[in-house]
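One letter stands for each residue in the lines below.
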Amino acid sequence: MEKFALTVENLTKIYSNSKTKKNNKALNELSFKVKQGEVFGLLGPNGAGKSSTIGIIGSLVTKTSGSVSIFGNDIDVNLNKAKSLLGVVSQEINFSQFEKVYDIVITQAGFYGIPRKIAAPKVESIFKKLGLWDKKDVQARTLSGGFKRRLMIAKALIHDPKLLILDEPTAGVDIELRREMWSFLKDINKKGTTII
C-alpha cells in the first residue's frame, strides 16, 4: 500500500466580497495526493489558487469544504500533529525584520518545544548549509532578498518536518543562489523530506 505525505480531497475555498455581495471560488473541489519522498510541483497561472491551497494546508486559511491530511493526520481532527510534520516557506516575509538572524530561528525552534541547547547546533548546521552562518548576528532587515529567502527556509526546517512546502522559493533570487538552493533542497529530499 502506497503511503502519502499529503492527501487533498474535494478542497473548495470561496472568498466572499462584502462590498459587491459576490463570491469568488478560488478552489473548486481540488483533489491530489503527494507520495512520501516525492518532489511535487503545484503549477498554475496567477489566481489559480496555489497560495490558497498552501494556506489551507498550513492552517492559515480556512477552507470552505473538503479535507486535507498530512501523513494521515486530518487537519480538522489532529491539527497539532499535522503541523508538527509540516514546514512552510511562504511567499511573504514572516519574521521580525529587527531581530538578529540567529534569534529568529532559535525562537522558531522554541515554538516546537525544542530546547535551546538542542536547537543551537541544529541552527548552526542549517545556517552553514544555507550559507547564512556569517550573517547570524545581523538584523534580518539588513539581508538581501536572497538571504531573507534562505532564512525563511532555515526557519521552516528547524523542527525537521517530513513535508516541506515552498511557495515561490526562488522569486527575486539570482541564478547562482537559485542553483545553491535547489542543490540544498535535493539533498534534504534524498534524506526523506517530501517537497512541494
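Residues numbered from 1 in each chain as written. Predicted model: local features only at pLDDT ≥ 70, side-chain atom pairs only at ≥ 80, totals over all residues. Heavy atoms only, no water.

Draft legend 1. View of the confidence of the model for the protein chain. Of the residues in the protein chain, 96% have a pLDDT of 70 or more, and the chain-wide mean is 91. Ranking the helices and strands of the protein chain by mean pLDDT puts strand β3 (residues 65-70) first, with 97, and helix α6 (residues 175-190) last, with 86. (pLDDT = per-residue confidence, 0-100. Helix = DSSP H or I, 4+ residues; strand = E, 2+ residues; numbered from the N terminus.)

Draft legend 2. Just the sheet that holds β3, in detail. Across the sheet, four strands lie side by side as β2-β1-β3-β4; this open sheet has antiparallel pairing. Of all the strands in the sheet, just β2 (22-35) and β4 (73-74) have a single pairing partner and so form its edges. Looking at chain direction, β3 and β4 are connected through two bridges and run antiparallel. When the sheet's bridge partners are listed, Ser69 is paired in β4 with Asp74. (Pairing = 2+ DSSP bridges.)

Draft legend 3. How the structure looks around the packing of helix α4 (residues 116-130) against helix α5 (residues 145-157). The interhelical angle for the contact between α4 and α5, taken along N-to-C directions, is 145°, at an axis separation of 10 Å. As α4 runs across α5, the sense of the crossing is right-handed. Of the residues in α5, those in contact with Ile126, Phe127 and Leu130 of α4 are Arg150, Leu151, Ile153, Ala154 and Leu157. Within the contact of α4 with α5, the residues separate by chemical class into seven nonpolar, no polar and one charged. (Axes fitted to C-alpha atoms, helices over the stretch in contact; angles between N-to-C directions. Left-handed = near helix turned anticlockwise from the far one by under 90°. Contact = heavy atoms within 4.5 Å. Nonpolar A, V, L, I, M, F, W, Y, C, P; charged D, E, K, R; others polar.)

Draft legend 4. Region of the structure containing the packing of aromatic side chains. Scanning the model with the defined rule gives three aromatic pairs in all. When the ring of Phe32 is compared with that of Phe40, the centres are 5.3 Å apart and the planes differ by 10°; the resulting orientation is stacked. Seen in terms of ring centroids, Tyr102 and Trp133 are 6.5 Å apart; in terms of plane orientation they differ by 75°. Their pairing is edge-to-face. In this pair, Tyr102 sits in helix α3 (residues 101-111) while Trp133 sits in the loop between α4 and α5, placing the two residues 31 residues apart along the sequence. When its relative accessible area of 16% is taken as the criterion, Tyr102 is described as buried. When its relative accessible area of 22% is taken as the criterion, Trp133 is described as partly exposed. Taken together, the aromatic side chains of Tyr102, Phe127 and Trp133 make up a single cluster linked through ring pairs. The ring of Trp133 carries the charged tip of Lys128 above its face, separated from the ring centre by 5.4 Å. (Phe/Tyr/Trp six-rings, centres within 6.5 Å; stacked < 30°, edge-to-face > 60°. Buried < 20%, exposed > 50% of the residue type's maximum accessible area, 1.4 Å probe, protein only. Lys NZ or Arg CZ within 6 Å of the ring centre and 35° of its normal.)

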